[in-house]
Amino acid sequence: MTDAMADNNLSPLTGYDRVIVPGANGPRELSRKQFEQLPLRERVGFLIAGTAQFYRMGAAVSATNAMKG
Amino acid sequence: MTAPMQTLDAAQAAADAIVERAEARYDAHRQEIFRATDRIFGWLMIGQWIFGIFLAVAVSPYAWEGKVKTIHAHVWIAVILGGLLSALPVYLARKHPGEVLTRHVIAVAQLLWSALLIHLTGGRIETHFHVFGSLAILTFYRDWPVVITGAAVTALNHFFLGVFWPESIYGIANPEWWRFLEHAGWVVFCISFMIIGTRRGQKDMRVMADRSAELEALSENAWRNSSVIDRMTAKAAGT
């Protein structure tokens, strides 16, 4: 599913405060600061694969909108 | 190799390429700042030389040996020592801009210029402001070791001139032995915040490069999810 298609079910908010990424032992929930402290290679990998789920104030936001704020 | 494996490899290769480009952008940005600051100092060195000569001519143009009027040593010091102080930094700024050695030589020369201007004005306390101005301009590099180099030069200079030629740096013959510590203390106070500032500036550049990589990754994701890719993957899986 593309980001544009996914936008229909997502909050129009921009930015994010929480993110869930896949990990070796299942999904990991990270704060924004923790996500930003991951190595760039890892963050880029999640974004290319579209496996990072972003949230702002409890509402899911698209990766595109998450990166805007 | 199966189609999903090929897709995974391609994604990893794309991620590697994006990170490499981000690193290259970060390095290029830093180089641009180093070179631009080298150019500023190249011109500043020439300006200071001219100003130093003007100062020597204006403040103490002549000396007297009995009834014989001669050019004051300060004028020669400004012309010759000032010229030597400026020559190497100007050369390095023009021929080797952006290199580590260039900015450290510039830092040394700039703070020695402070000492020379202080000397030429007879140790005037107001000319000591040149030290703080110089350290501030050094922060343009956004490279904290350069600020340390400048501060070390000024501390050593105050210590040695304070011991061997106090009139040159303080304008008096017998300052307290700890006077250089007082000056160094204010410099340390000042550079502590300058270092925080330069580190923040450097971090901001890193964040900008990372941000551009993340946006590139999003674009890559959108491209990979396009119908063209879906068709290619389906076709590859079918063969």
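Reading guide: rules and limits
- The numbering scheme is per chain: residues are counted from 1 as the chain's sequence reads.
- Whichever chain is written first is A, and whichever ligand is written first is 1; the rest continue in order.
- Confidence filtering applies because this is a predicted model: local features only for residues at pLDDT of at least 70, side-chain atom pairs given and counted only at 80 or more, and all residues used for totals across whole chains, interfaces and linings.
- Secondary structure elements follow DSSP: runs of H or I no shorter than four residues count as helices, runs of E no shorter than two count as strands, and numbering proceeds from the N terminus.
- To assign burial, the other C-beta atoms lying within 10 Å of each residue's own C-beta are counted, with C-beta atoms placed from the backbone; 20 or more indicates buried, 12 or fewer indicates exposed, and intermediate counts indicate partly exposed.
- What counts as a contact here is a pair of residues whose C-beta atoms, placed from the backbone, lie within 7 Å.
- Any residue that is not Ala, Val, Leu, Ile, Met, Phe, Trp, Tyr, Cys, Pro, Asp, Glu, Lys or Arg is counted as polar, Gly included; the first ten are nonpolar and the last four charged.
- By definition, two strands form a pair when at least two bridges between them are found by DSSP.
- Lines fitted to C-alpha atoms define the axes, with helix axes restricted to the stretch in contact, and inter-axis angles between N-to-C directions lie between 0 and 180 degrees.
- Structurally, a nonpolar core is described as a collection of buried Ala, Val, Leu, Ile, Met, Phe, Trp, Tyr and Cys residues joined by way of C-beta atoms within 7 Å.

Caption draft 1: Focus on the overall build of chain A. A count of helices and strands for chain A gives four helices and four strands. Counted from the first residue to the last, chain A has its helices and strands arranged as α-β-β-α-α-β-β-α. Here chain A holds 69 residues, and 33% of them are scored as buried. In chain A, 65% of the contacts between residues at least 6 apart in sequence involve partners at least 24 apart.

Caption draft 2: Representation of the interface of chain A and chain B in the model. Contacts between the two partners involve 14 residues from chain A and, on the opposite side, 17 residues from chain B. Element by element, the count of residues in the side of chain A that touches chain B is highest for helix H3 (residues 40-49) of chain A, at eight residues. Here the side of chain A that touches chain B is composed, by residue class, of seven nonpolar, four polar and three charged.

Caption draft 3: Geometry of the pairing of strand S3 (residues 53-56) of chain A. All names here are of chain A. By the bridge criterion, three bridges tie strand S1 (residues 18-21) to S3 in an arrangement that is antiparallel. Among the inter-strand pairings, isoleucine 20 is bridged to a residue of S3, identified as glutamine 53. Here S3 hands over to strand S4 (residues 59-61) after two residues, with methionine 57 in that stretch at a positive phi of 50 degrees.

Caption draft 4: Fine view of the sheet that holds S4 of chain A. Residues and elements named next belong to chain A. On the basis of which strands lie adjacent, the open sheet formed by four strands has the order S2-S1-S3-S4 and antiparallel pairing. Looking along the sheet, the strands with just one partner apiece sit at the ends: strand S2 (28-31) and S4. Strand-to-strand, the axes of this sheet are offset by a mean angle of 35 degrees, without reference to chain direction. In this structure, S3 lies alongside S4, joined through three bridges in antiparallel fashion. Looking at the pairing, phenylalanine 54 lines up with valine 61 of S4.

Caption draft 5: Representation of unusual backbone geometry. Not every positive phi belongs to a glycine, and methionine 57 of chain A is a case in point at roughly 50 degrees. The phi dihedral of arginine 142 of chain B falls on the positive side, at around 55 degrees, and the residue is not glycine. Residue position: arginine 142 of chain B is located in the loop between helix H4 (129-138) and helix H5 (144-164).

Caption draft 6: Just the environment of tryptophan 177 of chain B, in detail. Position of tryptophan 177 of chain B relative to the elements: it lies in the loop between helix H6 (166-170) and helix H7 (179-224). A C-alpha to C-alpha distance of 9.2 Å links tryptophan 177 of chain B and phenylalanine 159 of chain B, two positions 18 residues apart in sequence.

Caption draft 7: Seen up close, the nonpolar core. Residue and element names in this part refer to chain B. If you look at the biggest cluster of nonpolar residues, it comprises 37 residues, and the most contacted ones within it are Leu112, Leu116, Leu135 and Val147. If you list the elements that add at least two residues to this core, you get helix H1 (3-59), helix H2 (73-95), helix H3 (100-120), H4, H5, H6 and H7. Here the element with the most residues in this core is H3; it accounts for eleven residues. Beyond its immediate sequence surroundings of up to four residues, leucine 135 is in contact with Val147, Gly150, Ala151, Cys190, Ile191 and Met194.

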